[in-house]
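Listed here are the chains, written in short residue letters.
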Amino acid sequence: MKPLLIVMSAPSGAGKSTLCDLLLQEFPEITYSVSCTTRAPRGQEEDGIDYFFLSKEEFDRRVREGLLLEHATVHGNLYGTPADPVREAFAEGQSVLMDIDVAGAAQVREAVAKLPPGDPLREGFVDIFVEPPDMEELRRRLEGRGEDAPETIELRLRNAQGEMDRAGEFTYRVVNDDLDMAYRRLRDILLVKSGVL
Ligand code: 5GP
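Residues numbered from 1 in each chain as written. Predicted model: local features only at pLDDT ≥ 70, side-chain atom pairs only at ≥ 80, totals over all residues. Heavy atoms only, no water.

**Considering the state of the cysteines**
Per the stated rule, a full pass over the model turns up zero disulfides. Of the cysteine sulfurs around Cys 20, a residue in no disulfide, the closest is that of Cys 36, at 17 Å. Judged by relative accessible area, which is 2%, Cys 20 ranks as buried. (Disulfide = S-S within 2.5 Å. Buried < 20%, exposed > 50% of the residue type's maximum accessible area, 1.4 Å probe, protein only.)

**Remarks on the side chain of Glu 163**
Here Glu 163 is to be found in helix 7 (residues 150-165). Buried Glu 163, no salt bridge; nearest opposite-charge side chain is Lys 16, N-O distance 6.5 Å. For Glu 163, the residues in contact, after removing those within four places along its chain, are Ala 10, Pro 11, Asp 101, Val 102 and Phe 129. (Helix = DSSP H or I, 4+ residues; strand = E, 2+ residues; numbered from the N terminus. Lys, Arg positive; Asp, Glu negative; His and termini not counted. Salt bridge = Lys/Arg side-chain N within 4 Å of Asp/Glu carboxyl O. Contact = heavy atoms within 4.5 Å.)

**Overview of the packing of aromatic side chains**
Per the stated rule, a full pass over the model turns up three aromatic pairs. Ring geometry for Phe 129 versus Phe 170: centroids 5.3 Å apart, planes at 50°, classification tilted. Residue Phe 129 is located in strand 8 (residues 125-131), and its partner Phe 170 is located in the loop between helix 7 and strand 9 (172-175); the two are separated by 41 residues in the primary sequence. Accessibility expressed as a relative area gives 5% for Phe 170, which makes it buried. Between the NZ or CZ atom of Arg 109 and the centre of the ring of Phe 170, over which it lies, the distance is 4.8 Å. (Phe/Tyr/Trp six-rings, centres within 6.5 Å; stacked < 30°, edge-to-face > 60°. Lys NZ or Arg CZ within 6 Å of the ring centre and 35° of its normal.)

Just distances and angles here, no functional claims.
Here is the structure:
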């Protein structure tokens, strides 16, 4: 399998995390890129596994020192991808899965496009936007998971429309109407791209 740099974006509640989990379970050769964030941990989230939970000062320091591959403000908090683990995984022939927002995805897309043709990161780059079937279903899912305060849910729904408006920037789009079918579509995209299918 040719190593892939998989960038997945979606409005929160579209089911992207579930799809990412399914990929990671099926393909041990894919490394999940653990992001840094200044938001507080939710539910069962663990530092170093779900995110590196940082203070604003520490996050800013990492940006200044060029330690992040991309970074963006999402729903009022800072998020960014540590560069070293991505490079290390690729050097070992592993694929990398990044679950990042549309602004971060655009930064990675631009950076990769500047690499010379033939560079493994450029050759392996694949960007996928996961869409909810519609906004009502998105609201039901966000309310149903019971993790966020009502005002947070409203903020996420407002931001969702802005993210959906940028779906056209992505090479691939997967509508998550039915989880099994969405997963199969996602899997096929990656298998074709990695030269397996
Ligand atoms: P959540 O707070 O629900 O875990 O994530 C909120 C949003 O931040 C999601 O759309 C997620 O994809 C995005 N996000 C998570 N990590 C990163 C990152 O490292 N960079 C960017 N740009 N967005 C991220």
